[in-house]
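Listed here are the chains, written in short residue letters.
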Amino acid sequence: MVATSATAVLPLIPASYDRASELQAFDDTKAGVKGLVDAGVQKIPQIFVLPPESLDDVKPGTGGSEFRVPVVDLGDQTHHREIVDKVRRASETCGFFQVVNHGIPLGVMEEMLQGLRRFYGQDAEVKKQYYTRDVTRKVLESSTQYETIAKCASVQP
């Protein structure tokens, strides 16, 4: 699908839509996005779809094939200012980025991914104790990152 504007990608949100209530109901489940997937949800919930006017700076692609994750290369420390600028731009425009040449051993990264798989593979009751939007907690799990990904990728519900 080729879209000509953000409004062509996202449906109009009804004036009666109560995002706060839907978000609260989602948070109350404490199951996160994995809980939605496990429940068999077939459509992206409206709470993860941003209003078209918030996507004015996002250029729709052809089914997501034009989306690129920003890459920040830490290998050249002589250009510190440029690296910081890349991190800032990626954070402001997309909310996440890929870091390369960071020096973290592959084994450590693989162990981290295994830990994530173990965490998300646990029973929902175990994960619920960590689900929160309180960023002051040392350990938390939330779905805010999925909202950012939806904005960056112009996900069609």
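Being a predicted model, the structure only gives us computed values, none of them experimental.

Asks: I'd like a description of the environment of Ser21, backed by residues and values.
Replies: Take Ser21: it is sitting in helix 2 (residues 19-29). We classify Ser21 as partly exposed; its relative accessible area is 42%. Taking the C-alpha atoms as reference points, Ser21 and Ile47, 26 residues apart in sequence, are found 9.6 Å from one another. A distance of 2.4 Å separates polar atoms of two side chains, one belonging to Ser21 and the other to Asp18.

Asks: Please give an account of a nonpolar patch on the surface that cites residues and values.
Replies: Among the surface-exposed residues, Met112, Leu113 and Leu116 lie close enough to one another that they form a single nonpolar patch of about 270 Å² accessible area. Looking at the element boundaries, Leu113 is found in helix 5 (residues 106-120).

Asks: So what's going on with the pattern of salt bridges? Residues and values would help.
Replies: When charged atoms on two side chains of opposite charge get close, those side chains can pair. Within the structure shown, the criterion is met by four salt bridges. Its salt-bridge partner being Lys34, residue Asp38 comes within 3.1 Å of it at the nearest N-O pair. With Asp38 and Lys34 both in helix 3 (residues 32-38) and four residues apart, the pair spans about one turn of that helix. Residue classification places Asp38 among the exposed positions, given a relative accessible area of 53%. The salt bridge partner of Arg88 is Asp85, with a shortest N-O separation of 3.9 Å. Here Asp85 and Arg88 lie together in helix 4 (residues 80-93), a separation of three residues that amounts to about one turn. Judged by relative accessible area, which is 39%, Arg88 ranks as partly exposed. Among the ionic contacts, a cluster of salt bridges with common partners joins Asp85, Arg88 and Glu92.

Reading guide: rules and limits
- Each residue is numbered by its place in its chain's sequence as written, counting from 1.
- In keeping with the model being predicted, local features are shown solely for residues with a pLDDT of at least 70 and side-chain atom pairs are shown and tallied solely at 80 or more, while totals for entire chains, interfaces and linings include all residues.
- In computing side-chain values, all of the structure's heavy atoms are included and hydrogens and water are not.
- Strands here are runs of E lasting at least two residues and helices are runs of H or I lasting at least four, both read from the DSSP assignment and numbered beginning at the N terminus.
- Buried, partly exposed and exposed residues are distinguished by accessible area as a fraction of the type maximum, computed with a 1.4 Å probe on protein chains only: under 20%, between the cut-offs, and over 50%, respectively.
- A 3.5 Å cut-off defines polar contacts: any pair of N or O atoms within that distance qualifies, except that in protein one atom must be a possible hydrogen donor and the other a possible acceptor, and neighbouring residues in sequence count only when both atoms are side-chain atoms.
- What makes a patch is a set of residues exposed beyond 30% relative accessible area and free of salt bridges, joined within 9 Å when like-charged and within 5 Å when nonpolar (Val, Leu, Ile, Met, Phe, Trp, Tyr).
- Areas reported here follow the Shrake-Rupley algorithm with a probe of radius 1.4 Å; residue values treat only the protein chains shown as occluding.
- The term salt bridge refers to a side-chain nitrogen of Lys or Arg lying within 4 Å of a carboxyl oxygen of Asp or Glu.

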